[in-house]
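Coordinate analysis (summary)
The chain contents come next:
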Amino acid sequence: MNFRSDIEENVRSGLVELLILHLLTEEDMYGYQIRQELAKRTDDAFVMKEGSLYGPLYRMSERKLISSHKEMAGEKRFRNYYHIEPAGREYLEYGKKEIKFVFAGVFKLFGWQEGKDESKDQ
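Below: a short report on this structure.

Definitions and cut-offs
Residues numbered from 1 in each chain as written. Predicted model: local features only at pLDDT ≥ 70, side-chain atom pairs only at ≥ 80, totals over all residues. Heavy atoms only, no water. Core = buried A, V, L, I, M, F, W, Y, C linked by side-chain atoms within 4.5 Å. Buried < 20%, exposed > 50% of the residue type's maximum accessible area, 1.4 Å probe, protein only. Helix = DSSP H or I, 4+ residues; strand = E, 2+ residues; numbered from the N terminus. Contact = heavy atoms within 4.5 Å. Phe/Tyr/Trp six-rings, centres within 6.5 Å; stacked < 30°, edge-to-face > 60°. Axes fitted to C-alpha atoms, helices over the stretch in contact; angles between N-to-C directions. Parallel < 35°, antiparallel > 145°, perpendicular 65-115°, else oblique. Left-handed = near helix turned anticlockwise from the far one by under 90°. Nonpolar A, V, L, I, M, F, W, Y, C, P; charged D, E, K, R; others polar.

1. Concerning the nonpolar core
Among the nonpolar cores identified, the biggest contains 20 residues, and I20, L24, I34, L38 and L57 are the most heavily contacted of them. Taken together, the elements giving at least two residues each to this core come down to helix 2 (16-26), helix 3 (31-41), helix 4 (54-62) and strand 3 (78-84). With six residues, helix 2 is the largest single contributor of residues to this core.

Structure representation (structure tokens):
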């Protein structure tokens, strides 16, 4: 039974939007840049496949959490930059509080101490 990918996807999927919004509080970014920063700044906990980033970006755009604008990148190419909107900032702040609350409960239930290094393979 291959359950690892199911668990990995379920754990990460709910967090992706909040992580993207957090990155966008620092600066407007284009898709590839977001992918690179997510991987780098989470120590590869969030390595997104090509194209899998655009679903969350589209959903957040539909809900007016982010907006986008095109900028020239070279002579004939455009990049689509994403920008966090006030509703996105509000969503992010609530999401951060909820994650902290939920993870504190999970850590308590599992008997983990916050900050203690728990290996993924254990």
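There is more to say after this.
2. Thoughts on the side chain of R35
Mapped onto the fold, R35 is located in helix 3. For R35, a relative accessible area of 16% translates into the label buried. Look past the residues within four positions of R35 in its chain and what remains in contact with it is M48, K49, E50 and L53.

3. Points about the packing of aromatic side chains
As enumerated under the stated definition, the model contains three aromatic pairs in all. A ring pair is formed by Y30 and Y81, whose centres lie 5.4 Å apart and whose planes are at 75°; its orientation type is edge-to-face. Of this pair, Y30 sits in strand 1 (residues 29-30) while Y81 sits in strand 3; the two residues are 51 residues apart in sequence, bridging distant segments of the chain. For the pair Y30 and Y81, a shared accessibility class is recorded, and that class is buried.

4. Remarks on unusual backbone geometry
Here D44, not a glycine, exhibits a phi torsion of approximately 65°, which is positive. Here K64, not a glycine, exhibits a phi torsion of approximately 65°, which is positive.

5. Considerations on the packing of helix 2 against helix 5 (residues 86-110)
At their nearest, the axes of helix 2 and helix 5 sit 10 Å apart, and the two run at 125° to each other. By the criterion of interaxial angle, the relationship of helix 2 to helix 5 is oblique. Two packed elements cross with a definite hand, and for helix 2 against helix 5 that hand is left-handed. Of the residues in helix 5, those touching helix 2 at E17, L18, L21, H22 and T25 are G88, R89, Y91, L92, G95 and I99. Among the residues forming the contact of helix 2 with helix 5, the class breakdown is five nonpolar, four polar and two charged.

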